[in-house]
Amino acid sequence: MNKVSLNSKHSLLEIILSVLIFLAAGIIMLNCFGIARFTQIRANDKVTAGAIIQSDFEIIKSLNSTNELYEFLNTYGTKESGSINTYTKYYDENWIQGSGKEYAVTIEIDDENTSSGTLININISAQKNNPYPFIKAGGQQIYSIESKKFFPSFGGVYEDK
Amino acid sequence: MDRQNQFSFQFIFIMLLYLVIVILSVIVISLGKNIYDKINEDRNKNYELQVSLSYIANKIRQSDINDAVEIKDLNGIDAVVINEVYDEEEYQTWIYFYDGAIYEMFTDAGSTFELSDGTRVVEADLFKIEKIKDNLYKFTAVSKEENSELYLSLYSKAVT
């Protein structure tokens, strides 16, 4: 009959140490998986937010007057008036507008009236309302673009319209 | 007898610890696999949705001069046509949706071609072009039941 020879005292200690090391490694690995997953989600959010913000800028670029601009801005759900007008629309976790408040896309509009027309300073940004788990750097802002558009009072390419 | 019992208890305990290691390994590997699969799936979906729209946007923006960009009907589907001149010869780049993908066809201006002649650029379930107003177009790409939209404002006022 075969006999099992085992130095149990040393072996037990070594195995407990191995389990502890394995647990530590496992926790680090799971943390890495978590970071990878949420970094991917954040990258996807950045792409989606980028498409939404760029589309809004393209729409603003195509507008011919400040009246058209404010008509477009009124399609945003929430408005806060002040020295800088703020318009916000909300999206759920699947980026569907109006069915949740997981993400917010905000337009900040600052008018500068001059004798020749109106210069509009525009800042569009997308934020996530709840922070990303596992990721500390970067904060909750996902994407932001700043630009200006000038609507001339007279003349310009849209005068004849 | 006691010594034998103690030995067998320690042996079982050691085996249990090994079992814990094995179970934890399986959990970690399975979690890793699931996360990797999910990341890959998201990446592919994102790629198909965004690459198609970015491709169209870049193609149009780089050619956005007067009369260069047109939206034309091609066998019942809307197609983006980009007119270019090389060495005083006129060429056209046609971008259209056909057979589950976005195709590009570079050809002499005015020549005819089959939809299948083009180069398959990126897979998509659907690709749609809508005219919102004179200089504003909406492009929609659908891939794996998810859709993505992009508005493009043309300086050149596309001819339709």
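Structure: above.
Residues numbered from 1 in each chain as written. Chains lettered and ligands numbered in written order. Predicted model: local features only at pLDDT ≥ 70, side-chain atom pairs only at ≥ 80, totals over all residues. Heavy atoms only, no water.

A. Here's a closer look at the overall build of chain A. Along chain A, the regular secondary structure elements total two helices and five strands. Along chain A, helices (α) and strands (β) appear in the sequence α-α-β-β-β-β-β when read from the amino end. Within chain A, the proportion of its 161 residues that are buried is 37%. Restricting the contact set of chain A to residue pairs at least 6 apart, pairs at least 24 apart contribute 51%. (Helix = DSSP H or I, 4+ residues; strand = E, 2+ residues; numbered from the N terminus. Buried < 20%, exposed > 50% of the residue type's maximum accessible area, 1.4 Å probe, protein only. Contact = heavy atoms within 4.5 Å.)

B. Local environment of the sheet that holds strand β8 (residues 146-153) of chain B. Residue and element names in this part refer to chain B. The strand order across the open sheet built from three strands is β6-β7-β8, with neighbouring strands paired in antiparallel fashion. Two strands close off the open sheet at either side, each with one partner strand: β6 (126-133) and β8. The mean angle between the axes of side-by-side strands here comes to 20°, regardless of whether they run parallel or antiparallel. (Pairing = 2+ DSSP bridges. Axes fitted to C-alpha atoms, helices over the stretch in contact; angles between N-to-C directions.)

C. Structural view of helix α2 (residues 66-73) of chain A. All names here are of chain A. Turning to α2, its buried residues number three or more, namely L69, F72 and L73. Take α2 and look down its axis: the buried residues cluster within an arc of 100°, on one side only. For α2, the exposed residues lying more than 90 degrees away from the buried face are N67 and E71. (Arc of directions from axis to C-beta.)

D. Quick look at the pattern of salt bridges. Enumeration over the complete set of coordinates arrives at 13 salt bridges over all chains. Here D42(B) ties to R37(A) by a salt bridge, and the two come within 3.2 Å at their closest N and O atoms. With D42(B) in helix α1 (residues 2-62) and R37(A) in helix α1 (residues 8-62), the pair connects residues from two separate chains. Several salt bridges share partner residues, and in doing so they unite E58(A), K61(A) and R61(B) into one network. (Salt bridge = Lys/Arg side-chain N within 4 Å of Asp/Glu carboxyl O.)

E. Seen up close, the environment of Y90(A). Residue and element names in this part refer to chain A. As for its position among the elements, Y90 is in strand β2 (residues 85-91). Relative accessible area serves as the criterion here: at 24%, Y90 is assigned to the partly exposed category. In the structure, Y90 is positioned 12 residues away from E102 in sequence and 7.2 Å away in space, judged by C-alpha atoms. In this view, Y90 contacts T78, I96, Q97, G98, G100, K101, Y103, A104 and N129; residues no more than four positions away in its chain are not counted.

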